[in-house]
Amino acid sequence: MIKRFFLVLLMYLSCTNGLQAYSASDKLPAPAIDETLQIERKSVDVKHSFMSYLELGEGKAVVFVHGNPTSSYLWRNVMPYVAKSHQAVAVDLIGMGHSGKPDIEYNFKQQFRYFSRFIDELELDEIILVGHDWGAAIAWHYARKNPERVAALAFMEGALPPLMPADSFDALGPNMGPFFEAINDPVIGHQLVIEQNILIEQMLPSLVNRTLGEEAMLEYRAPYVDKADRKPLLAWPRQIPIAGSPRHTHRVMKGIERFMSKTDMPVLLLYASPGSITPNALIPWYVERIENIETAYVGVGLHYIQEDQPKSIGLAIADWLRRLD
């Protein structure tokens, strides 16, 4: 059974819109990407623990928020473009990257509270948020809860409506449904994510168009060498709201969808081709709902597009910021 769900997981997580699987031989030629981190890490005490972050440049703060199973390292090659005119800050979410690992459940509510406190501790105001994956959900939820503190928002490949919430596992389709069933199973989910560490070893490299080098893989593996530290990696996919559960993230996603339809906040949606959870066909859904939105195509990429197209992403965000200013 575990082997079956493992194969289903790879099928889903290496696909575009749940349909077409991508193996190494399917990937298109990709530019060479620098995997060396050249930005100094810093940390700040947050809620009886600490949160690590990267910081570069001066000016209005642009806060980059990663998702699962990555870290601030994901933004290393994007930040320099933004730092030419702004203060670029990339956070490691609690329990992830080089941040502390307190004994918590790592559900969305707790992750959001730590992130909010991080913003408070750095005394950031009138910020521009840039989110990816679950980081996009955190960014949108923060903007909804704190509209006076968020000047603008950019996102890409976000764990957001209309993907969430889902009415049922079956509604997610023949690949996604079994995947989330497997992750929510107390035995199988633990085996796949905690014991086998497949989100780092299989999912992450399969959803980058290029082949991740050893330097990048070592950086992404480092926070999760000990099995006990993989708790956040398992918690995140179990926060996907399906059939109304978990109730909190179900309400969060419904709230984000309503907020998208009424905000006049400047928004930038970056997308790649073929993409993964934000395929090209989904772009009109956002354009129709968000009043003050711009879109930017950044090139060939799957889900972790910062590892495929950092220059295009950085230039697109920098140009958007220039026009906002």
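Structure shown above.
These remarks concern the structure in this document. Not measured: the values here are computed from a predicted model.

Our next topic: the overall build of the protein. Secondary structure assignment for the protein yields twelve helices and ten strands. Relative to the 2.2 N^0.38 estimate, which gives 20 Å for 325 residues, the radius of gyration of the protein is 18 Å and therefore close to what a compact globule would have. Dimensions of the protein, computed from the C-alpha atoms along their principal axes, are close to 55 × 40 × 40 Å. Buried residues in the protein amount to 60% of all 325 residues. Taking as baseline every contact in the protein between residues at least 6 positions apart, the subset at least 24 positions apart corresponds to 77%. Roughly 13200 Å² of accessible area belongs to the protein as shown, and the carbon and sulfur atoms make up 49% of that amount. When the 31 positive and 38 negative side-chain charges of the protein are each reduced to one mean point, those points stand 4 Å apart.

Turning next to the nonpolar core. Ranked by size, the top nonpolar core spans 85 residues in total, and within it Phe-115, Trp-140 and Tyr-286 carry the most contacts. At eight residues, helix H4 (residues 134-145) tops the list of elements feeding residues into this core. Apart from the residues lying within four places of it in its own chain, the contact partners of Trp-140 are Leu-153, Phe-155, Leu-160, Ile-256, Phe-259, Met-260, Thr-263, Met-265, Val-267 and Ile-290. Ile-39, Ala-154, Ile-313 and Trp-320 belong to the second largest nonpolar core, which has 27 residues in total.

A few words on the packing of aromatic side chains. Summed over all chains, the structure comprises 14 aromatic pairs. Between the aromatic rings of Phe-112 and Tyr-142, the centroid separation amounts to 6.1 Å while the plane-to-plane angle is 55°, which identifies the pairing as tilted. Taken together, the residues Phe-112 in helix H3 (residues 108-121) and Tyr-142 in helix H4 connect sequence positions 30 residues apart. As far as burial versus exposure is concerned, Phe-112 and Tyr-142 are alike and both buried. When the centroid spacing of 5.8 Å and the interplanar angle of 75° are considered together, the rings of Trp-140 and Phe-155 count as edge-to-face. Taken together, the residues span a long stretch of sequence, with Trp-140 in helix H4 and Phe-155 in strand E8 (residues 150-158) at a distance of 15 residues.

Spatial strand order, E3-E4-E6-E5-E7-E8-E9-E10: eight strands in an open sheet with mixed pairing. Taken across any chain shown, the strands that pair with only one partner, and hence form the sheet edges, are strand E3 (41-46) and strand E10 (293-301). If you compare each strand with its neighbour and ignore which way they point, the axes differ by 25° on average. One ladder, built from five bridges, connects strand E5 (residues 61-65) with strand E6 (residues 87-91); its direction is parallel. Across the sheet, the residue bridging to Val-65 is Val-91, located in E6. Each of E3, strand E4 (49-56), E5, E6 and strand E7 (127-133) touches H3; the most contacted strand, E3, lies at about 105° to it.

What counts as what
Residues numbered from 1 in each chain as written. Predicted model: local features only at pLDDT ≥ 70, side-chain atom pairs only at ≥ 80, totals over all residues. Heavy atoms only, no water. Helix = DSSP H or I, 4+ residues; strand = E, 2+ residues; numbered from the N terminus. Rg over C-alpha atoms; globule rule 2.2 N^0.38 Å. Buried < 20%, exposed > 50% of the residue type's maximum accessible area, 1.4 Å probe, protein only. Contact = heavy atoms within 4.5 Å. Areas by Shrake-Rupley, 256 points an atom, 1.4 Å probe, with all protein chains shown as cover. Lys, Arg positive; Asp, Glu negative; His and termini not counted. Charge placed at Lys NZ, Arg CZ, Asp CG, Glu CD. Core = buried A, V, L, I, M, F, W, Y, C linked by side-chain atoms within 4.5 Å. Phe/Tyr/Trp six-rings, centres within 6.5 Å; stacked < 30°, edge-to-face > 60°. Pairing = 2+ DSSP bridges. Axes fitted to C-alpha atoms, helices over the stretch in contact; angles between N-to-C directions.

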